[in-house]
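# Architecture at a glance
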Amino acid sequence: MSAKNAAPGGLARIEALVNTLDIETGADTLDTAEGRAAFGLVEADVPDVRALREALRAACLAHAGHRPAEDAEVPELDHLLAAAPLRVTVDAAGTAALRPVEEPAGLTARVARAIAEAAADGTWARLKACEADDCRWAYYDRSPAGRRRWCSMSVCGARAKMRAYRARQG
């Protein structure tokens, strides 16, 4: 997806993290120095970040009304986010904000902050994962009713509709 269609605010980072794995090909950009640098990671961070990524994908699937595969071992997102506590700060103008307890904030703390802010503004549930089993790409649902099912109607949606059509023609 293009940056034009990226999720708003901190959800863009979550969307990008979930999309570091291409399920169809198995390519994982976290395997590259460039891919890790995009999130401020070192190679030693990758196993924990992969667990976070898959927990986020499971949440995105749940937002779209789907459950992860039966054989998927997905740690609970709230358990992973507990390692990144946030605090509320209030500046001189009285503006409240969430801040990670530790500075500089690690990726998990930045994800926790983005989720909290998105939950507060009502956008968290619109970050979803594609219904296609061979895709599961994260996308931000901008549809008026919030019931989009695929990352791309022209690719995954078209494939699903063609499979359904062929099954009916049988």
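Structure first, text after, so check above.
Attention in this report is confined to the structure presented alongside it. Remember, predicted model here, so these are calculated numbers, not experimental data.

Judged by nonpolar contacts, the single largest core of 30 residues is most densely connected at Ile-14, Leu-56, Leu-77, Val-111 and Trp-124. Of all the elements in the fold, those that place two or more residues in this core are helix H1 (11–18), helix H3 (46–63), helix H4 (77–81), helix H5 (107–121), strand E3 (127–129) and strand E4 (138–140). Looking at this core element by element, the count peaks at eight residues for H3. Leu-77 has contacts with Leu-52, Ala-55, Leu-56, Ala-59, Ile-115 and Trp-124, leaving out every residue within four places of it along the chain. Residues Cys-130, Cys-135, Tyr-139 and Cys-151 belong to the second largest nonpolar core, which totals seven residues.

One way to put it is that H1 packs onto H5 with a least axis distance of 8 Å and a crossing angle of 125 degrees. Taken together, the axes of H1 and H5 lie oblique to each other. Read as a crossing pair, H1 and H5 show a hand that is left-handed. Across the interface between the two elements, Leu-11, Arg-13, Ile-14 and Leu-17 of H1 pack against Leu-107, Arg-110, Val-111, Ala-114, Ile-115 and Ala-118 of H5. Taken together, the residues of the contact of H1 with H5 break down into eight nonpolar, no polar and two charged.

Time to look at H1. Regarding H1, the residues found buried are Leu-11, Ile-14, Glu-15, Leu-17 and Val-18. Each buried residue of H1 lies within a common arc of 160 degrees when the element is viewed along its axis, so the set occupies one face. Each element contacted by the buried residues of H1 is listed here: H3, H5, E3 and E4.

What counts, and at which threshold
- Residues numbered from 1 in each chain as written.
- Predicted model: local features only at pLDDT ≥ 70, side-chain atom pairs only at ≥ 80, totals over all residues.
- Heavy atoms only, no water.
- Core = buried A, V, L, I, M, F, W, Y, C linked by side-chain atoms within 4.5 Å.
- Buried < 20%, exposed > 50% of the residue type's maximum accessible area, 1.4 Å probe, protein only.
- Helix = DSSP H or I, 4+ residues; strand = E, 2+ residues; numbered from the N terminus.
- Contact = heavy atoms within 4.5 Å.
- Axes fitted to C-alpha atoms, helices over the stretch in contact; angles between N-to-C directions.
- Parallel < 35°, antiparallel > 145°, perpendicular 65-115°, else oblique.
- Left-handed = near helix turned anticlockwise from the far one by under 90°.
- Nonpolar A, V, L, I, M, F, W, Y, C, P; charged D, E, K, R; others polar.
- Arc of directions from axis to C-beta.

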